[in-house]
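Below are the chains, spelled out letter by letter.
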Amino acid sequence: MASASMQGKVALVTGATSGIGAATAEALAERGAHVLVAGRDAARGEHVVGAIRERGGRAGFVSADLRDATAVRRLALDALGLAGGRVDVLVNNAGVYPFGPTKDTEESLFDAVYALNVKAPFYLVAELAPGMAERGGGAIVNVSTIAAALGFSGMALYGSSKAALNLLTKAWAAEYGPRGVRVNAVQVGPTRTETTAQAEEELRSLAAQAPAGRPASAAEIAAAIVYLADDEASFVQGAVLPVDGGRTAV
Ligand code: NAP
C-alpha cells in the first residue's frame with residue numbers, strides 16, 4: 001500500500017488515457033492525489049478513471065486536443081474548475097513520437113509534433129505555474145526521452161522537440177523555483193506502452209543498447225515521475241533525470 005503523501009493535492013496528467021500517463025495517474029491516485037486524467041479519447045479516459053475509483057481513489061476525465069494553444073488554455077481552466085480552483089501537480093506527458101528521415105518530414109508533421117510536445121507544455125505551464133507560485137508551492141514534471149540527449153538517426157524531429165522540453169525544464173526551474181514551484185523532467189528510455197508494443201521488435205532492439213537490456217514498464221517510469229512530483233524530492237529542481245536502464249550513461 002502506497003503512502004498517502006499526496007492527500008489533498010490535485011494532479012493534472014496529460015496523455016493519461018494510455019501508457020506512461022495512465023500509469024502515472026494511477027500511481028498519483030494511490031498516494032491520495034485527486035487526479036485529472038487528460039486526453040482526447042473519452043472511452044479510454046473513463047476506463048483509467050474507473051480503475052482509479054475502483055481502488056478508492058479520486059479521479060476525473062478532462063478532454064482536450066492539445067495541439068492548439070486555445071485548447072491548452074481551456075484545459076487549464078477546465079482542470080481548475082473541476083478541482084476547486086487549484087492544480088498542485090502538472091505532468092506534461094502527452095506526446096507523439098513519429099520517426100523518419102528528415103528529408104521526408106512534411107511541414108504539417110513538424111508542426112503537429114512541436115505543437116503537442118513543446119507548445120502544449122509551454123502554455124499549460126504559462127496557465128498553471130503562476131497559481132502554484134501564488135499558493136507557495138507546486139510541482140511540474142515533464143516527460144522527455146533519451147532521444148533528446150543522444151543523436152538517433154530518424155529521430156531528429158522528435159528528439160529536437162523533447163530537447164526543447166529539457167531546456168524548458170531548466171528555464172522554468174529558474175523562473176518559478178524561487179516561488180516554490182519545482183520543475184523537473186524524466187528522460188525516458190524505451191518503454192512498453194500501447195503504442196510502442198505495436199513495434200515490439202524495434203522496441204526490444206533499442207532497449208538492448210542499454211545496460212538494463214530490456215524495455216521499461218510504464219509503472220517503472222511512473223514511479224520516477226511520482227518521486228519528482230512528491231515532496232520527498234523537495235530539493236530536486238531543474239533536474240532532467242534519466243530513467244533509461246542506463247542507456248545515456250554508457
Ligand atoms: P502513448 O501510449 O502513445 O500515449 C500518448 C498519450 O498522449 C495518450 O494518452 C494520448 O491520448 C495523448 N495524446 C496524443 N495526441 C494528443 C493530442 N493531440 N492531444 C492531447 N493528448 C494527446 O504514449 P507513451 O508511449 O505512454 O508515451 C508517453 C510520453 O512518454 C510521450 O511524451 C513520449 O514521447 C514519452 N516517451 C515514451 C517512450 C516509450 O518508449 N514509450 C520513451 C521515451 C519517452 P489520446 O489518444 O486520448 O488523445
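Here, the structure is the one placed above.
This write-up is about the structure you can find in this document.

What counts and how
Here, residues in each chain are numbered from 1, in the same order as that chain's written sequence. Owing to the predicted nature of the model, reporting of local features is limited to residues with pLDDT of at least 70; listing and counting of side-chain atom pairs is limited to 80 or more, with chain, interface and lining totals taken over all residues. Excluding hydrogens and water, the side-chain values take into account all heavy atoms of the structure. A run of DSSP states H or I qualifies as a helix once it reaches four residues; a run of E qualifies as a strand once it reaches two. Both are numbered from the N-terminal end. Restricting the calculation to C-alpha atoms gives the radius of gyration, and the globule rule supplies 2.2 Å times the number of residues raised to the power 0.38. A simple rule labels every residue: compare its accessible area, found with a 1.4 Å probe on the protein chains alone, to the largest value its type can have, and call it buried under 20%, exposed over 50%, or partly exposed in between. We call two residues contacting when some pair of their heavy atoms lies within 4.5 Å. Accessible surface is estimated by sampling points in the Shrake-Rupley manner with a 1.4 Å probe; for residues, cover comes only from the protein chains shown. When charges are counted, Lys and Arg are positive and Asp and Glu negative, with His and the chain ends excluded. For charged residues, the charge sits on one atom: NZ in Lys, CZ in Arg, CG in Asp, CD in Glu. Under the convention used throughout, the expected extent of a helix is 1.5 Å for every residue step, that is, one less than its residue count. One heavy atom within 4 Å of a molecule or strand makes the whole residue count as near it. In protein, a polar contact requires one atom able to donate a hydrogen and another able to accept it; more generally it is a pair of N or O atoms within 3.5 Å, and residues adjacent in sequence count only if both atoms are side-chain atoms. A 1.4 Å probe that fits but cannot get out identifies a cavity on a 1 Å grid over protein atoms alone, an open set with protein on both sides within 12 Å along at least five of seven lines counts as a pocket, and a residue lines either if it has an atom within 4 Å of a point. Placement in a cavity or pocket follows one criterion, namely that more than half of the molecule's atoms lie within 2 Å of its grid points. Just so you know the grouping, Ala, Val, Leu, Ile, Met, Phe, Trp, Tyr, Cys and Pro go in nonpolar, Asp, Glu, Lys and Arg go in charged, and all remaining residues, Gly too, go in polar. Working note: the arc is built from the helix axis to C-beta atom directions. Only buried Ala, Val, Leu, Ile, Met, Phe, Trp, Tyr and Cys residues count toward a nonpolar core, and they belong to the same one when joined by side-chain atoms within 4.5 Å. Grid points are joined across faces, edges and corners, and a volume is the space filled by probe spheres set on the points. Helix axes are fitted only over the stretch in contact, all axes being lines through C-alpha atoms; the angle between N-to-C directions runs from 0 to 180 degrees. For this classification, under 35 degrees means roughly parallel, over 145 means roughly antiparallel, 65 to 115 means roughly perpendicular, and everything else is oblique. Two helices cross in a left-handed way if the nearer one is turned anticlockwise from the farther one by less than a right angle. They cross in a right-handed way if the turn is clockwise.

A closer look at the overall build of the protein
Within the protein one finds seven helices and nine strands. For a compact globule of 250 residues, the expected C-alpha radius of gyration is about 18 Å, and the protein comes in at 17 Å, within 12% of that figure. Overall size of the protein, expressed as C-alpha extent along the three principal axes, is 45 × 40 × 35 Å. The buried share of the protein, reckoned over its 250 residues, is 51%. Of the contacts formed within the protein by residues at least 6 apart in sequence, a portion of 73% connects residues at least 24 apart. When the accessible surface of the protein is totalled, it reaches about 11100 Å², and 53% of it is carbon and sulfur. Across the protein, the centroid of the 22 positively charged side chains sits 3 Å from that of the 25 negatively charged ones.

Description of helix α5 (residues 156-176)
Look at α5: 30 Å from first C-alpha to last across 21 residues, which is about the 30 Å you get at 1.5 Å a residue. Those residues of α5 that sit buried are Leu157, Tyr158, Gly159, Ser161, Lys162, Leu165, Asn166, Leu168, Thr169, Trp172, Ala173 and Tyr176. In the core, the buried residues of α5 are packed alongside α4 (107-135), β5 (138-145), β6 (181-188) and β9 (240-243).

Concerning the site of the ligand
Close to the ligand lie 31 residues, the nearest being Ser18, Arg40, Tyr97, Tyr158 and Thr195. Take Asp65: an N or O atom from its side chain is 3.0 Å from a nitrogen atom of the ligand. Contact between the ligand and Tyr158: an oxygen atom at 2.6 Å from a side-chain N or O atom of the residue. Coverage of the ligand by the protein chains reaches 94% of its 890 Å² of free accessible surface. For the ligand, the cavity whose grid points lie within 2 Å of the majority of its atoms is the largest pocket. Looking at the shell around the ligand, the elements with two or more residues in it are α1 (19-30), β5 and α5. Classifying every residue of the shell around the ligand gives eleven nonpolar, 14 polar and six charged.

Considering helix α6 (residues 200-207)
Here α6 has its buried residues at Leu203, Leu206 and Ala207. Down the axis of α6, the smallest arc covering the buried residues is 95°, so these residues share one side. Residues of α6 that are exposed and point over 90 degrees away from its buried face: Glu201 and Arg204. Looking at the buried side of α6, the elements it contacts are β7 (191-192).

Brief notes about the nonpolar core
Counting residues in hydrophobic clusters, the biggest one holds 35 residues, and the most contacted among them are Leu28, Val35, Val37, Val186 and Ile225. Element by element, the count of residues in this core is highest for helix α7 (residues 218-229), at eight residues. Setting aside residues up to four positions removed in sequence, Val186 forms contacts with Val141, Asn142, Val143, Ser144, Thr145, Ala224, Ile225, Leu228, Leu241 and Val243. In this structure, Ala83, Ala94, Ile140 and Leu168 belong to the second largest nonpolar core, which totals 32 residues.

Points about empty space enclosed by the protein
Scanning the entire structure with this criterion turns up one cavity of 30 Å³ or more. In this model, the largest cavity occupies a volume close to 30 Å³. Lining the largest cavity are Thr14, Leu66, Asn92, Asn93, Ala94, Leu116, Ala120, Pro121 and Leu124. Ranked by residues supplied to the lining of the largest cavity, first place goes to α4 with four residues. Considering only residue class, the lining of the largest cavity consists of six nonpolar, three polar and no charged.

Concerning the packing of α4 against α5
Where α4 contacts α5, the axes come no closer than 9 Å and their chain directions differ by 15°. Considering their axes alone, α4 and α5 lie roughly parallel with respect to each other. Seen along the crossing, α4 lies across α5 with a hand that is right-handed. Across the interface between the two elements, Leu109, Phe110, Val113, Tyr114, Asn117, Val118, Pro121, Phe122, Val125, Ala129 and Pro130 from α4 touch Leu157, Tyr158, Ser160, Ser161, Lys162, Ala164, Leu165, Leu168, Trp172 and Tyr176 from α5. Of the residues belonging to the contact of α4 with α5, the class tally is 17 nonpolar, three polar and one charged.

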